[in-house]
Protein chains: 2
Amino acid sequence: MDLKKYLKEKCQLVDDSLDKFLPKEDELPFSIHKAMRYSIFAGGKRVRPILMLAACEAAGGNSEGAMTAACAMEMIHTYSLIHDDLPAMDNDDFRRGKPTNHKVFGEAVAILAGDALLTEAFILLSSLEACPSIDPLMRLKVVSEISRCAGSRGMIGGQAVDMESEGKPEIDFATVQYIHTHKTGALIKASVRAGALLGGADKKSEAALVKYGEAVGLAFQIADDILDIEGTTEEIGKDAGSDQERGKATYPAAIGIAESRRRAAELVDVALDALSCFGEKADPLREIAKYIVKRKS
Amino acid sequence: MDLKKYLKEKCQLVDDSLDKFLPKEDELPFSIHKAMRYSIFAGGKRVRPILMLAACEAAGGNSEGAMTAACAMEMIHTYSLIHDDLPAMDNDDFRRGKPTNHKVFGEAVAILAGDALLTEAFILLSSLEACPSIDPLMRLKVVSEISRCAGSRGMIGGQAVDMESEGKPEIDFATVQYIHTHKTGALIKASVRAGALLGGADKKSEAALVKYGEAVGLAFQIADDILDIEGTTEEIGKDAGSDQERGKATYPAAIGIAESRRRAAELVDVALDALSCFGEKADPLREIAKYIVKRKS
């Protein structure tokens, strides 16, 4: 299959839907709606929504039915980036090569725009007009899965421990694992599981897809750590080498770059293995797993 | 009826449930869970959850079935206070007589604790273990109502316009109305409507309760504006007169204190009128409406 074409097509569908679902800039409060749209359309790769759509297809479903949840997931991911970039948090001026939200709109608007994107995700997930065909109990399960993975025991926990570990002299591998599986892994896993649920996966397929999601989520973050060292500032859209400079708890810092690369490759194998009982409908997921550790941005 | 006793009993039930539902302090991430609990148990009056329970009872339901949603509402209210108090927003050092969240835990933890409380509300609302007896479609409707009222077209919109209006030489009455009906009114209305839905209200009763909620929500904020001028710092738990000092867009600033008091009283009448077709089960709602404009804190 042509992964590049697949990603481009899905990315366009996600972008169109996000544009449709997000409040317009000419609606009050203007500043917040402008700031929400700025960060949503600042060049994200839409990894999480595409994984959700692909998991839905792998489970035998029609990915259209997963589009609202896929967009909700991208809103949650984007809110987390806006808040992580704030001066009180990672204090980043650039993200994907563009000024961060608070640099453009100020801190107060950035905080509220993040809050609004998180809330908008749940408006969308619970909207009875968007995708009325999906069974209410299933929708509730999706809200439950996504909120749990985004909460303090998921993504927020990862970000909190990440911040608290910054600059510590000793980098403990268990802590790095906690950060990676929570900060990045949780939302990626939730994306795949929600796609599986919405695609009508049975228990066995769901478990296999969750295993795939966990492996891919961790591989994605390890690849990110490696890119921060080996990529150029232009490629990654933010200052290269910034993790090391800040004393971030990363895989390369804990176990070295060669071992990190080996583990990432191993995780791709685990992800592919998990898909062994699926046919060609899972090819996009297979290609995405391989792409995730090879990408340059 | 004895309102004081009613409020005390419901407050205790809400507090017990919040304690049960919130993640424990000895669970990772410790800092976030500690900060979440700090602000939740910093002396809130539980106005929104109690209104939800009382609306559920007025509609003929058992308020136990509304307890998870009532706690979710208090989590959303508390997150909004934590974020509003941040240095980039209202920059408040005290809230209810205690240091604000960021003064105790630092800005980064305060931002994440707010994010986590908002997310936790949706974890709770979608949890299949909490209150499994409620129909999934009804639960989805409650998620939809609460998320819409908390989002950019609701509470967040009110806070954004409030901030943007601060210190402006001319205070436009339409803007004050937008701020009050959104910033405070939206969540209070959502509390009453969610209670009505969970109590099994028919369309007519639901509409009457929503009318009550809208009137009470606005009256509550006007009373708050008046308290800021006439209350002592000790009574209101924050610096008295701070609205005027900051040039906040308030009812007294726009139409004077006497007219503000008259409108608040008028809104209480509207609220009581809306309840005319309800029997004594709505007595708590009636007493709360009268109390809201008479309270001293």
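Above this text sits the structure in question.
Below: a short report on this structure. This structure is a prediction, so every number in the text was calculated from the model and none was measured.

Cut-offs applied
- Residues numbered from 1 in each chain as written.
- Chains lettered and ligands numbered in written order.
- Predicted model: local features only at pLDDT ≥ 70, side-chain atom pairs only at ≥ 80, totals over all residues.
- Core = buried A, V, L, I, M, F, W, Y, C linked by C-beta atoms within 7 Å.
- Buried ≥ 20, exposed ≤ 12 C-beta atoms within 10 Å, placed from the backbone.
- Contact = placed C-beta atoms within 7 Å.
- Axes fitted to C-alpha atoms, helices over the stretch in contact; angles between N-to-C directions.
- Helix = DSSP H or I, 4+ residues; strand = E, 2+ residues; numbered from the N terminus.
- Parallel < 35°, antiparallel > 145°, perpendicular 65-115°, else oblique.
- Nonpolar A, V, L, I, M, F, W, Y, C, P; charged D, E, K, R; others polar.
- Left-handed = near helix turned anticlockwise from the far one by under 90°.
- Expected span 1.5 Å × (residues − 1).
- Least-squares fit on C-alpha atoms with pLDDT ≥ 70 in both.

In terms of nonpolar packing, the biggest core is built from 188 residues, with Ala219(A) and Ala219(B) touching the most fellow members. Among all residues touching Ala219(B), those that are not within four sequence positions of it are Ala264(B), Leu267(B), Val268(B), Ala271(B), Ile292(B) and Val293(B).

Residues and elements named next belong to chain A. Running from N to C, helix α2 (residues 30-40) and helix α6 (residues 107-126) cross one another at 75°; their axes reach a closest spacing of 9 Å. Comparing their axes, α6 and α2 come out roughly perpendicular. Within the contact between the two elements, α2 uses Ser31, Ile32, Ala35, Met36 and Ser39 and α6 uses Val109, Ala110, Leu112, Ala113, Ala116 and Leu117. Per-class residue counts for the contact of α2 with α6 are nine nonpolar, two polar and no charged.

Right, let's talk about the packing of helix α10 (residues 203-230) of chain B against helix α15 (residues 283-292) of chain B for a bit. Residue and element names in this part refer to chain B. Direction vectors running N to C along α10 and α15 enclose 25°, while the axes themselves pass 9 Å from each other. Classed by the angle they form, the pair α10 and α15 counts as roughly parallel. The way α10 lies across α15 gives a crossing that is left-handed. Taken together, the residues of α15 that come into contact with α10 (itself represented by Tyr212, Val216, Ala219, Phe220 and Ala223) are Leu285, Ala289 and Ile292. For the contact of α10 with α15, a count of residues per class yields eight nonpolar, no polar and no charged.

Turning to helix α3 (residues 47-58) of chain A, a few remarks are in order. All names here are of chain A. With twelve residues, α3 should cover 16 Å at 1.5 Å per step; its first-to-last C-alpha distance of 16 Å lies within 8% of that length. The element α3 is extensively covered by neighbouring structure, given that twelve of its twelve residues are classed as buried. Every buried residue belonging to α3 is among Val47, Arg48, Pro49, Ile50, Leu51, Met52, Leu53, Ala54, Ala55, Cys56, Glu57 and Ala58, and all of these are buried. Buried-residue contacts for α3 involve α1 (3-21), α4 (67-85), α9 (173-198), α10 (203-230) and α15 (283-292).

A word on the relation of the copies chain B and chain A. Between the two copies, chain B and chain A, the superposition gives an RMSD of 0.0 Å; the rotation angle is 180° and the shift along the axis is 0.0 Å. Such a combination of turn and shift is consistent with a two-fold rotation axis. If distances are taken from each C-alpha of chain B to the rotation axis, the shortest is found for Pro136(B), at 2.8 Å. A share of 100% of the interface residues of chain B reappears at the interface of chain A, consistent with the copies meeting face to face through the same patch.

Moving on: the interface of chain B and chain A. Every contact between the two is made by 43 residues of chain B and, on the other side, 43 residues of chain A. Residue assignment for the side of chain B that touches chain A shows that the elements contributing at least two residues are α2 (30-40), α6 (107-126), α7 (136-150) and α8 (155-165) of chain B.

What follows deals with the environment of Gly44(B). Residue and element names in this part refer to chain B. In this fold, Gly44 is placed in the loop between α2 and α3 (47-58). Separated by 217 residues in sequence, Gly44 and Arg261 place their C-alpha atoms 24 Å apart. Residue contacts for Gly44: discarding those within four places in its chain leaves Glu74 and Thr78.

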